[in-house]
There are 2 protein chains.
Amino acid sequence: MNEKPMRPFRGLIPLEEAVPLVMRRIEPIERTEDVPLGKAVGRIVAKGVTADFDVPGFERAAMDGYAVIASDTYGSGQSAPANLKLSGRIYAGGNASFAIEKGCCSQVATGAKLPLCADAVVKVEETETEGVVVSIFKPVYPGQNVSDSKSDMAKGTEALLECDSLSPAKVGVLAALGRSSVSVYGKPRVAIIPTGDEIAKVGSELREGQVYDINSHSLEALVNEAGGEAAVWPITKDDHGTLRQAIADAARDCDMVVLSGGSSVGDRDLLHDLVCELGELVFHGVQIKPGKPTLFGIVNGRPLFGMPGYPTSCLTNGYLFLYPAIKKMARLEPERFRTESAKLSRRVVSTLGRHQIMTVRVERPECGVVAHPVFKESGAITSMAHSDGYIEIPANVDLLEEGDIVKVRLW
Amino acid sequence: MNEKPMRPFRGLIPLEEAVPLVMRRIEPIERTEDVPLGKAVGRIVAKGVTADFDVPGFERAAMDGYAVIASDTYGSGQSAPANLKLSGRIYAGGNASFAIEKGCCSQVATGAKLPLCADAVVKVEETETEGVVVSIFKPVYPGQNVSDSKSDMAKGTEALLECDSLSPAKVGVLAALGRSSVSVYGKPRVAIIPTGDEIAKVGSELREGQVYDINSHSLEALVNEAGGEAAVWPITKDDHGTLRQAIADAARDCDMVVLSGGSSVGDRDLLHDLVCELGELVFHGVQIKPGKPTLFGIVNGRPLFGMPGYPTSCLTNGYLFLYPAIKKMARLEPERFRTESAKLSRRVVSTLGRHQIMTVRVERPECGVVAHPVFKESGAITSMAHSDGYIEIPANVDLLEEGDIVKVRLW
């Protein structure tokens, strides 16, 4: 399965080129699994479902009232009711394996199976009962107030199609057919490999010069939110042999591999070289701020992302690259970010030639929506956590003025 | 905790009154639980989190380059570099417990702790190295290319507030503080009690006059999608003693009780009477189609819904009543249905005095968006499963013409 390394992209490529280069290499998951109905909502149907019997499967009363032979009611009216003999009573789910004879009727509850020979139901409101005599004040035609046996689904109907997303109603369709489980496409398994000596596992003691591992956790949350299944690796040392082994294991066991860290020059080169060695480097370096050192390649046929080590860079690039890639793998609709127009609260300076992602906080005073830039530096996870979304400043724009209208993409 | 029955609402009430009557009685969950970071995304913070140390906690290099004493670089330029002695090398996470002396510098990687006495970093691009001599071609000011020790969070900062919804970035903030778990509000536990002899458990054999239990499964999916935790009861017989016990158990163990079934006159009266007996009936009967027999009450302080037995009626009323109630209990933002304007594909007749919910399929040909009514009958789960959303026809409208513009609320 290993592909030979191709000539890597050198230099930075624009964001508008980088995203399609990724998306072109993402294949939807083919693996399927059976899940019980209780876990099925939001999953994608792997195999169409055909109704193997009629639903409800019998003629049933659509109203509370009396099952009759319609012709017995013809000509009846307020002053000249048809008087029928009450010859039975059928509750929903009750026994209906008897026939009514001409001149007779049977009390039925909504949803109850009609007795044999009955072909219509008279609503209880249009009757009066005394002892075993039921007076009918309005005629019914054959089939009136009756649901036929295929009214919900006829045998052979394609009830669910492959790739349907299972809404609560579609889960209901499976239940109507008596299915207790359903075959769905597997969730993309995404390996997250944190690297570097400068990060420590949450809950442990920090050594000198260390900070806690943030990216594994924020990426894990992002992967799960996008519809994937994150598998977080232990923190991996930045040496050739250890990292090579971790990447090879992850590309064997998972559908996608994400490395976070390797933000220093030496580490970046290490990952770059390893991807060339093990597979194909597609690009390394995007004209985007924050997030320049983002890397994308293919190892063992699996997409591999090298994310910047700084938490904000890592997470914004997660939204730009990982999120849509996971959605496509999972056959889910690409997430539509909600957007909102807002006035910029202050002048913002950007770098020409770099597409800038700037986190903003949104306020909604009476005079309209205002976006406050909250970007601190790419290391500052708080700037992202306290933001409501982000604005983009294209590579050819170096300045936005206070009061400019911007489009905020809300998290 | 049992409240005395109040005078029940008799007769149908309009939808616009029914929804606020429900929402007024819904209280957010007070119960809290600790969850690991990997399960935290989307949950609501129960207790604000304050930073108990500075993050990153030390001065670190914001660039790859050389840590210097800034004043050693003053006056340097392209033609007159400052030549410093290379006296060390610090990797990210490496040992930095040495001082540099005047006239010396230390190589540093991005994210590495600065050595003692150093107060700036010169980018590697502005230097040249020969042996142990580093030539600096541009002066730096104190603090340049250095992240200070509180740059992400200062000790004492309110990092997360109570009721924050945990986004991937907010999960990252917890990780930055070394927390491996977080206290969040409990998910609303919703008991779903299917009732009636006419329904059978999925996977079992159908007896005469039975259909499979659809509502437990579609409601379970809806509850879980809304952010609750569904607990499905076994199918319960429609007799006074059995149903009374099931309701009492559910109202003791869960935060909300939902019954589905009881669509026939007798069963409806049974639930009505039981709710009056065990607690307070708030309303029974809504001017809405489908879904008229919807019931709402309070038992043991817990909201109780009696949903119509027919699958479509049950599920549309689930969206109208249960969904927002669960969101409020879970302290989640009320779901904003996406809406879309569309042209109606055919004339639709409605009933005056009944607010009608009509499921539609949406097509998007070149000439604009078209809504096709797909409503079959309230028993037909397929009509709902094959729809993309619904339109509402107010109680005072009895006719919509082909070509009328309608607002579709998409599932």
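Structure: above.
Residues numbered from 1 in each chain as written. Chains lettered and ligands numbered in written order. Predicted model: local features only at pLDDT ≥ 70, side-chain atom pairs only at ≥ 80, totals over all residues.

Novice: Even after reading the chapter, I still don't get the interface of chain B and chain A, so can you show me in this structure?
Specialist: One widely used convention gives an interface's size as the accessible area the parts lose upon coming together. Taken together, the contact pairs 71 residues of chain B with 71 residues of chain A. Every element with two or more residues in the side of chain B that touches chain A is listed here: helix H2 (168–176), strand E15 (211–212), helix H3 (215–226), helix H6 (311–329) and helix H7 (381–385) of chain B. (Contact = placed C-beta atoms within 7 Å. Helix = DSSP H or I, 4+ residues; strand = E, 2+ residues; numbered from the N terminus.)

Novice: Hey, could you run me through the nonpolar core in this one?
Specialist: Among the nonpolar cores identified, the biggest contains 193 residues, and Val257(A), Val258(A), Val257(B) and Val258(B) are the most heavily contacted of them. Among the elements that take part in this core, helix H6 (residues 311–329) of chain A stands out by supplying 10 residues, more than any other. Setting aside residues no more than four positions away along its own chain, Val258(B) makes contact with Val190(B), Ala191(B), Ile192(B), Leu219(B), Phe305(B), Met307(B) and Leu322(B). (Core = buried A, V, L, I, M, F, W, Y, C linked by C-beta atoms within 7 Å. Buried ≥ 20, exposed ≤ 12 C-beta atoms within 10 Å, placed from the backbone.)

Novice: Help me understand the sheet that holds strand E9 (residues 133–136) of chain B in this model?
Specialist: Hydrogen bonds between backbone groups are what pair the strands of a sheet, and the pairing can be parallel or antiparallel. All names here are of chain B. Taken together, the 6 strands give an open sheet; going across it, the order is E7-E4-E6-E5-E9-E8, and neighbouring strands pair in mixed fashion. At either margin of the open sheet sits one strand with a lone partner, and together these are strand E7 (120–123) and strand E8 (127–130). On average, each strand axis in the sheet is tilted by 40 degrees relative to the strand beside it, whichever way the strands run. As paired elements, strand E4 (residues 65–68) and strand E6 (residues 104–108) share 3 bridges and run antiparallel to each other. Its bridge partner being in E6, Ala-67 is matched across the sheet by Ser-106. (Pairing = 2+ DSSP bridges. Axes fitted to C-alpha atoms, helices over the stretch in contact; angles between N-to-C directions.)

Novice: I keep staring at the relation of the copies chain B and chain A and nothing clicks. Help me out?
Specialist: The two copies are related by a screw motion: chain B maps onto chain A through a turn of 180 degrees and a shift of 0.0 Å along the axis, at an RMSD of 0.1 Å. Each copy turns onto its partner about a two-fold axis. When C-alpha positions in chain B are compared against the rotation axis, the closest is assigned to Arg338(B), at 5.0 Å. Most of the interface of chain B is mirrored in chain A, where 100% of its interface residues again form contacts. (Least-squares fit on C-alpha atoms with pLDDT ≥ 70 in both.)

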